[in-house]
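# Descriptive analysis of the structure
The residues making up each chain are set out below.
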Amino acid sequence: MTSLLVIIVLVLLAVALWQLTKIFDLTQVGLNSDSTQVANDNDNNVQGYLMFGFLAFIYIFSIYGLFTWGPLVLHTPASEHGSDVDNLMNITWVLIFIVQAITQVLLHYFAFKYRGKQGQKALYFADNNKLEAIWSLIPAVVLAGLILYGLYAWTNIMFVDEDEDTVVIELYAQQFKWTARIAGEDNVLGKANVRYIEGVNVLGVDLADPYAQDDIVVSELHIPKGKKILFKMRSQDVLHSAYMPYFRAQMNCVPGMVTQFAFTPIYTTDEYRELPYMVEKVANINQLRAKKSIDLIAKGEAGLDPYTFDYLLLCNKICGASHYNMQMKIVVDTPEDYKKWLLNQANLITQVKTAAAEPAAEGAPTSGDSTKVSDTAAVSKMAMK
C-alpha cells in the first residue's frame, strides 16, 4: 500500500511540474526572447559542461557502488574448478572496466572540446581505413582471447573421464522442491521414468532395474569432500536450473532429457563456516536479524532465528509462484562422516517395502484402498526379483 501511495505522489508531482512549465511558457509570450530552435554558443557550452557532469556521475556512482555492494558478491569458491570461473569473471571485469574508462572519457571529452561554436564547421571525411582497422582488430583479438580462455575453462570443468572415480547423484527438480538420488555401491543409477511415479517412488525409478536396487533417495544431500561428484539432472514438469553458487555450478534441468555437471568440493560445511570472511558475514547478518527481531517482538510477532551458513541447491529459473522457496540443503562431510551418514540411509527398495507394509499393519484396507495397496505390493514384489 505504501509503495502505491509513493507512486501516486510521484505521478502527481510530475503532472504538477508539467503544468508549471506550461504556465511559465505562457508568461513568456510577447517578450523579446530568442525563440529559434537552433542552438547558440551558450546552449552548446551548457551541453558540454553537462557531458562532463554526467561523466563525473558515472565514476562517482561506480566507486560508491563498489564500496557499498562489493562485499555482497560471492567470495571464496568451495569447489576445485571455482577458481577458474572466478578468474574468468575477474578478467572479464578488468577488460570491461578498461574499455569503458577509455571510451567514456574520450566520448565526453570530445563532446565538450568539439562543441558547436559560431562560425565553426566540423571536418568531414567519408572514411578512414586505418581507424576502421584499429577499432575492428583490437576488439576482435581481445574477444577471441576471452572466448578461447572461456572454452578452455568450460572444457576442463565439463569433461568427466568415464574411468574416473566419482560419486554419481541425480538431482530431480519438480515444482517446487528438489529430491536427490544417490547411486549405491554399484555407482550406477537405475532407470527412471515419470510413468513409474507412485507412492514413495516420487522419482519414477524402475524398481525392476538391477541397478536401482541400492539407490538412495534423500531430501537433504550429503557429499564427501575431495571426491568428484557427478550430478545427473532431470525435471518432472517445467524448465528448472540447478544452481549451487558457492560451488560455482549451474545447469538447466530440462523435461525429457538428462543434463549433467560435475565438481569436487574442497571445503566441508564446517570448514567453510570458519573462513574469516564467512564468520564476519554471518555476524553482520545476525546483527541485522537481531534489530529486525526487536521490531517484530514489539508488534507481538515471533523474532527471527540466528542465521547459520549452509550450502544450498537453488532453482535459478522462474518456474512458478513458489519458485523462491525451491531449495535443498547440501552438507559437505569428511569422507569418514559421509560413509557414516550413508550407512544410516535406507535405500528406495526398503522405503517401498516399508510403505507397502504400513497399511497391512494398520488393519485390512477399505474397498476404496484395496487396489492401491495391491498395486504397491506388486511394485514391491517386482523390486525383489
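Anyway, here's the lowdown on the structure attached to this text.

What follows concerns the environment of I266. Inspection of the secondary structure assignment puts I266 in the loop between β8 (259-263) and α5 (269-273). For the pair I266 and L4, spaced 262 residues apart in sequence, the C-alpha separation works out to 48 Å. Contacts of I266, omitting those with residues within four sequence positions, involve P77, A78, S79, E80, K225 and E271.

Moving on, we come to the packing of helix α3 (residues 82-113) against helix α4 (residues 129-158). Following both chains from N to C, one finds α3 and α4 inclined at 170°, their axes separated by 10 Å at the closest point. Accordingly, the angle class assigned to the pair α3 and α4 is roughly antiparallel. As for how α3 packs across α4, the hand of that crossing is left-handed. Together, D84, V85, N87, L88, I91, T92 and L95 of α3 and V142, L146, Y149, G150 and I157 of α4 make up the contact between the two elements.

Let us look at the packing of aromatic side chains. Counting across every chain of the model gives 21 aromatic pairs. Considering the side-chain rings of F110 and Y114, the 5.7 Å spacing of their centres and the 45° angle between planes classify their relative orientation as tilted. On the accessibility criterion, F110 (39% relative accessible area) is partly exposed. Centroid distance Y246 to Y311: 6.5 Å. Interplanar angle 65°. Geometry classified as edge-to-face. Residue Y246 is found in the loop between β6 (240-244) and β7 (249-253), and its partner Y311 is found in strand β9 (residues 311-315); the two are separated by 65 residues along the sequence. Across the pair, Y311 and Y246 agree in class, each one buried. Each member of the aromatic cluster is reached from another via a ring pair, and the members are F231, Y246, F247, F263, Y267, Y272, Y277, F309 and Y311. The ring of W18 has K22 lying over it, and the distance from NZ or CZ to the ring centre is 4.8 Å. We note R115 situated over the ring of F112; from NZ or CZ to the ring centre the distance is 4.2 Å.

This next bit is on the side chain of R181. Tracing the sequence through the fold places R181 in strand β2 (residues 177-182). On the basis of relative accessible area, R181 is assigned to the buried category, the value being 1%. Within the structure, the side chain of R181 is placed 2.6 Å from the side chain of D215, a separation counted as a polar contact. Each residue touching R181, except ones within four places of it in the same chain, is listed here: V168, I169, E170, L189, G190, A192, L203, V205, D215, I216, V217 and R234.

This brings us to the nonpolar core. In terms of nonpolar packing, the biggest core is built from 41 residues, with I169, L171, W178 and L221 touching the most fellow members. A total of four residues in this core trace back to one element, the largest contributor, which is strand β1 (residues 166-174). In contact with L221, not counting residues within four places along its chain, are I169, L171, A180, I182, F231, M328, K329, I330 and V331. Membership of the second largest hydrophobic core comes to nine residues, among which are Y172, V217, L348 and V352.

Turning our attention to the sheet that holds β9. Spatial ordering of the open sheet is given by β4-β10-β9-β6-β7, a layout of five strands whose pairing is mixed. The open sheet has two edge strands with one neighbour each: β4 (221-224) and β7. On average, each strand axis in the sheet is inclined to that of its neighbour by 25°, with strand direction left out of account. Pairing of β6 with β9 involves two bridges; the strand directions are antiparallel. Each residue of the ladder has a partner; that of Y243, found in β9, is L314.

This next bit is on unusual backbone geometry. The amide bond that connects Q175 to the next residue, F176, takes the cis arrangement and shows omega of 0°. Secondary-structure assignment places F176 in the loop between β1 and β2. Within the chain, N187 stands out as a residue other than glycine whose phi angle is a positive 55°. Here N187 is to be found in the loop between β2 and β3 (216-218). Under the relative-accessibility criterion, N187 is labelled partly exposed at 28%.

On β7, burial follows the alternation: A249, M251 and C253 on one face are buried, whereas Q250 and N252 on the facing-out side are not. The pairing of β6 with β7 spans five bridges and is classified as antiparallel. Residue pairing in the sheet places Y243 in a bridge with Q250 of β7. What sits between β6 and β7 in their antiparallel hairpin is a turn of four residues, with R248 showing a positive phi close to 55°.

Our focus in this paragraph is the pairing of β1. Taken across its nine residues, β1 has nine buried, putting it largely inside the fold. In the sheet, β1 pairs with strand β5 (residues 228-235) via eight bridges, with the strands oriented parallel. The residue bridging I169 from the neighbouring strand is F231, located in β5. Counted along the chain from β1 to the antiparallel partner β2, the turn is two residues long.

Criteria and thresholds
- Residues numbered from 1 in each chain as written.
- Predicted model: local features only at pLDDT ≥ 70, side-chain atom pairs only at ≥ 80, totals over all residues.
- Heavy atoms only, no water.
- Helix = DSSP H or I, 4+ residues; strand = E, 2+ residues; numbered from the N terminus.
- Contact = heavy atoms within 4.5 Å.
- Axes fitted to C-alpha atoms, helices over the stretch in contact; angles between N-to-C directions.
- Parallel < 35°, antiparallel > 145°, perpendicular 65-115°, else oblique.
- Left-handed = near helix turned anticlockwise from the far one by under 90°.
- Phe/Tyr/Trp six-rings, centres within 6.5 Å; stacked < 30°, edge-to-face > 60°.
- Buried < 20%, exposed > 50% of the residue type's maximum accessible area, 1.4 Å probe, protein only.
- Lys NZ or Arg CZ within 6 Å of the ring centre and 35° of its normal.
- Polar contact = N/O pair within 3.5 Å; in protein donor to acceptor, adjacent residues only side chain to side chain.
- Core = buried A, V, L, I, M, F, W, Y, C linked by side-chain atoms within 4.5 Å.
- Pairing = 2+ DSSP bridges.

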